[in-house]
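Reading the structure
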Amino acid sequence: MTRKENVDVVWSGTWVAERLGVGLRGDEQLPALLGLALRRNPKRAHLLVSNVLGKHVPQAPSVVYDAGHGLGERVRKLLGDEEAARAVVLGYAETATGLGHSVADGVALAPYLHSTRRPVDGVERAGGFEESHSHATSHLLLPEDPDLLAGEGPLILVDDEFSTGNTVLNTIRDLHERYPRDRYVIVALVDMRAEQDRARLESFATEIGARVDLVSLASGTVSLPEGVLEKGQALVAQYEPPTGEAPQTPEGPAGRVRRVELEWPAGVPDGGRHGFTPEHRDRLDAEAPAMAHRIAQALDLPSATAAEDGAAARPRPRILVLGFEELMYAPLRLGTALERIADADVRYSTTTRSPVLAVDDPGYAIRTRLVFPAHDDPADGPGERYAYNVAGGGFDAVVAVVDSVADTTRLHAPDGLLAQLAAHTPHVVLAVVPSYIPHIPNTPHTPGRASMLPEPLRGPAFSSYAADEVGWLLQDLSDAELEAPTEEREEAIQSGGAHYAESLPVEYQPSAEYQQLFKAALDTSAARIARAVGTVTETVLAEVPLRRGRRGTDPHPRPVLVSLARAGTPVGVLMRRWAQHRHGIDLPHYAVSIVRGRGIDANALRWLQQHHDPADVVFVDGWTGKGAITRELAAAVAEFEGFDPEIAVLADPGGCVRTYGTREDFLIPSACLNSTVSGLISRTVLRSDLVGPDDFHGAKFYRELADADVSNHFLDTVAAHFDEVAVAVDAEAKELLAADRAPTWEGWAAVERISEEYGIHDVNLVKPGVGETTRVLLRRVPWKILAKRGAGADLDHVRLLAQHRGVPVEEVDELPYTCVGLIHPQYTRGATGADGKAVTTP
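Quick look at the structure, then. Throughout, a residue's number is its position along its own chain's written sequence, starting from 1. Owing to the predicted nature of the model, reporting of local features is limited to residues with pLDDT of at least 70; listing and counting of side-chain atom pairs is limited to 80 or more, with chain, interface and lining totals taken over all residues. In computing side-chain values, all of the structure's heavy atoms are included and hydrogens and water are not.

1. Focus: the pattern of salt bridges
- Salt bridge, as used here: a side-chain nitrogen of Lys or Arg that lies within 4 Å of a carboxyl oxygen of Asp or Glu. Here the structure, examined in full by the defined rule, presents 42 salt bridges.
- Two residues, Arg76 and Asp81, come together in a salt bridge whose shortest N-O distance is 2.7 Å.
- Assessed through its relative accessible area of 25%, Arg76 is described here as partly exposed.
- Residue Arg273 pairs with Asp270 through a salt bridge whose shortest N-O separation is 3.8 Å.
- By sharing partners, the salt bridges in this structure join Asp105, Arg281, Asp285 and Arg333 into a single network. Relative accessibility under 20% of the residue-type maximum defines a buried residue, over 50% an exposed one, and the middle range a partly exposed one, all with a 1.4 Å probe and only protein chains included.

2. What to know about the packing of aromatic side chains
- In this scheme Phe, Tyr and Trp rings, the latter by its six-membered ring, pair at centre separations within 6.5 Å, and the angle between planes marks the pair as stacked below 30 degrees, edge-to-face above 60, and tilted otherwise. Overall, the coordinates contain 10 aromatic pairs when judged by the stated rule.
- Centroid distance Phe276 to Tyr329: 5.8 Å. Interplanar angle 75°. Geometry classified as edge-to-face. Taken together, the positions of Phe276 in the loop between β11 (256-260) and α9 (278-299) and Tyr329 in helix α11 (residues 329-341) put the pair 53 residues apart, joining distant regions of the chain.
- Here Tyr329 falls in the buried class, since its relative accessible area comes to 3%.
- Ring pairs connect the aromatic residues Phe462, Tyr465, Trp472 and Phe701, which therefore count as one cluster.
- Over a ring means this: the NZ of a Lys or the CZ of an Arg is within 6 Å of the ring centre and within 35 degrees of the ring normal. Over the ring of Trp783 we find Lys784; its NZ or CZ atom is 4.6 Å from the centre of that ring. To qualify as a helix, a DSSP run of H or I must reach at least 4 residues; to qualify as a strand, a run of E must reach at least 2; elements of each kind are numbered from the N terminus.

3. Examining the packing of helix α6 (residues 166-178) against helix α7 (residues 195-208)
- Working convention: axes come from line fits to C-alpha atoms, limited for helices to the stretch in contact. Angles between N-to-C directions cover 0 to 180 degrees. The geometry of α6 relative to α7 is characterised by a closest axis approach of 11 Å and an angle of 5° between their N-to-C directions. Relative to α7, α6 is oriented roughly parallel. Of α7, the residues touching α6 (which contributes Asn166, Leu169, Ile172, Arg173 and His176) are Arg200, Leu201, Phe204, Glu207 and Ile208.
- Of the residues contributing to the contact of α6 with α7, the split by class is 5 nonpolar, 2 polar and 3 charged. Orientation labels follow simple angle bins: below 35 degrees gives roughly parallel, above 145 gives roughly antiparallel, 65 to 115 gives roughly perpendicular, and whatever is left gives oblique. In what follows, residue pairs with any heavy atoms lying within 4.5 Å of each other are defined as contacts. When residue character is reported, Ala, Val, Leu, Ile, Met, Phe, Trp, Tyr, Cys and Pro are called nonpolar, Asp, Glu, Lys and Arg charged, and the others, Gly included, polar.

4. What to know about the sheet that holds strand β4 (residues 88-91)
- Here we have 6 strands laid out as an open sheet, ordered β1-β10-β9-β8-β4-β5, and mixed in their pairing. Looking along the sheet, the strands with just one partner apiece sit at the ends: β1 (23-26) and β5 (112-114). Neighbouring strand axes in the sheet, compared pairwise and without regard to direction, differ in orientation by 30° on average.
- For strand β8 (residues 155-162) and strand β9 (residues 183-191), the ladder comprises 7 bridges, and the chain directions are parallel. By the bridge assignment for β9, Leu155 is matched with Tyr184.
- Packing of helix α5 (residues 97-107) onto the sheet brings it into contact with β4, β5, β8 and β9, and relative to β8 it is tilted by some 135°.
- Set on the sheet, α7 makes contact with β8, β9 and β10 (211-223); between it and β10 the angle comes to about 165°. For two strands to be treated as a pair, DSSP must find at least two bridges joining them.

5. Focus: the nonpolar core
- Judged by nonpolar contacts, the single largest core of 131 residues is most densely connected at Leu38, Val89, Leu149, Ile156, Leu338, Tyr364 and Leu421.
- It is α9 that provides the largest number of residues to this core, a total of 8 residues.
- Excluding residues that lie within four positions of it along the chain, Ile156 makes contacts with Val75, Leu79, Ala87, Val88, Val89, Leu90, Val107, Val185 and Val187.
- In these notes, a set of buried Ala, Val, Leu, Ile, Met, Phe, Trp, Tyr and Cys residues joined through side-chain atoms within 4.5 Å is what counts as a nonpolar core. In terms of nonpolar packing, the next biggest core, distinct from the first, is built from 75 residues, Ala651, Leu715, Val718 and Ile785 among them.

6. Section: the sheet that holds strand β32 (residues 819-823)
- Strand order in this open sheet of 4 strands is β29-β32-β30-β31, and the pairing throughout is mixed. A single partner strand is all that each edge strand has here, and the edge strands are β29 (766-768) and β31 (809-812). Here the average twist between neighbouring strands, direction ignored, is 20°.
- As judged from the 5 bridges shared by strand β30 (residues 782-788) and β32, these two strands associate in the antiparallel manner. Residue pairing for β32: Pro782 is matched across the bridge by Ile823.
- Across the sheet, helix α20 (residues 746-757) is in contact with β29, β30 and β32; its angle to β29 comes to roughly 140°.

Below you can see the structure in the form of structure tokens.
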């Protein structure tokens, strides 16, 4: 199919009609509304394909929305405002979820609910029914408000087509027994019932003593000759590829996949699975233009205003907004908003569970199909999913809209939806709508359950990293006053009056001399870091599929990188870049908080459990010191099923882990600075007045330090050496995978010895390794620095910082680390502050 063909010349039901003798009789607009196709279904071979539903056939979003909205306006007029305000609108999954929601918008006064095939833990069923001819038959009703369907007002049932009436009868029968009422309104795009079906509905209405009205755009019947099911199945067998799905031929180089942050309004559900009120619609109406603008910016679309002002003539870009199965309404509203603000030819459709034969003929409704694995962990298990009429559609970009439950590794897999789309369009933009988690009344908070968790924060709204580099499972505390002078923090921490995670040190601003030292250190060590990044990433990529043992259920197990904020985050980004550069795979990457003495952010782990298989999670950190965080993590994840407590680190001088890039203690330049090398993000904060039981830990985004930010310069400099170290990495990774890498805990033993020898008697005040020593000089009140005798350039920045802080550097022999930082064991005022200058006190 090409975009130049005039598909309106031939009715899109011609191919089926000629071969099976299937035809439409009725209103003259039926051929414009419907085409025909064949599907793999043992109950019904033919499929009525709507041209205004937005499921199988890409259509202008405004056409799709207006069709449903107009039907809703007719229903409101039929009922009158008083009855409309007492009504509930119910749509059918998956095909009519968006249509039903549009009808509800037209009614305007009534809440909306759609059935679902996705069970949700803790939500009580308010009903259920079967759809006899559907590919997937079971429907659940899961309203957040258990009384939503209990009222006596009219129930408005919305489906795309009203064919036999069986689905509607099953629904009314089930609900009428629980919540009897005296009026029902059935809404459909087309009423295709035979005469006997009409009579059956009238008889049923009399039986239950209720009035049943019907509103549709058009009506008619489908003529089905004898033996049509068998003939249809034979045609499907004839035209189906003989050995599975025939791959679509890409139209050019694979397109780029990017992520756009929608900033979906908090508290607004992603759809009607658990209910959607008129108040929700008002909030979405207000926010939709801004979200569409973010999509337009990501695609660099010309504005509609520019077109009106007579901008230079150029072809209008053709954009497809592609929804996801039951998630039809949110992408539809994004599409209608995009139509209004952008000078673009916008189309809308969604993916589907239904297997339909594709035939590239102008007289057939389904010209092409893309096949990909389910990516939302469906209750009925893994299986194929489809996107129709996308390949060959001539789209310049596709905006794939999914809910966060479906933003999984399978979505990003080499055979996943995003890769399939990228083979057929130059640009793919992923927009994730947070999956709404309903509040369950009278359910206390428990360690195993959190309330609705927000989506990860992403740049540029939070951090200077690109949106697809990392998702921060944190809350933004940028407006909170958290910084305290280093002296005050140290006194409070050592006296037991406060935990180090309850405040933040004043961000150290490096001098010009120190900044030059960082740049020189980066230039010197970039290749060495790249080599360690490659080695640890290759080790992780090799081990995760083997240690998971899940190839029977997931053909593409791959790591989900979870860095320990913030030192681990630059390393996680670099590991993600290595996997993308060397293997062409996009690894999901998140950053979470872990606090010594208080454990990892439990809500972050719950979010990961909801969105990924915990067996795929690999925790990432920058380096090990004495191994305290390693032990902290192991204790924390023991309460959560499925997570592996192993940490992958760039450098493991302490011998604390078995997955590492190197065990040498050398300068990692990201340790030289604070937020300005970590995406402008602070240390994480855990304080009871700011972080509630259902909140992520917090952090600040130091936007005001943007001029000093070298976060992306650090990443780009290291990544520029990936190719030159590739051969060495392959050899080192192969050697490591075959070696005994059991932790030796050599570092912990050394720390205990140093603690006793220097009379400190507290291992928490001994910070081994170049990275930890640098942190002591930047954040704490240092006492002295122990340096291995003969250590060279790796300690230049340590010596400079120590000079600024007035801290002695003592050279020692037989030190297993390049250096060790000692925090003052009996803190007294008069030490230097975080800015490197003496603190004057009254």
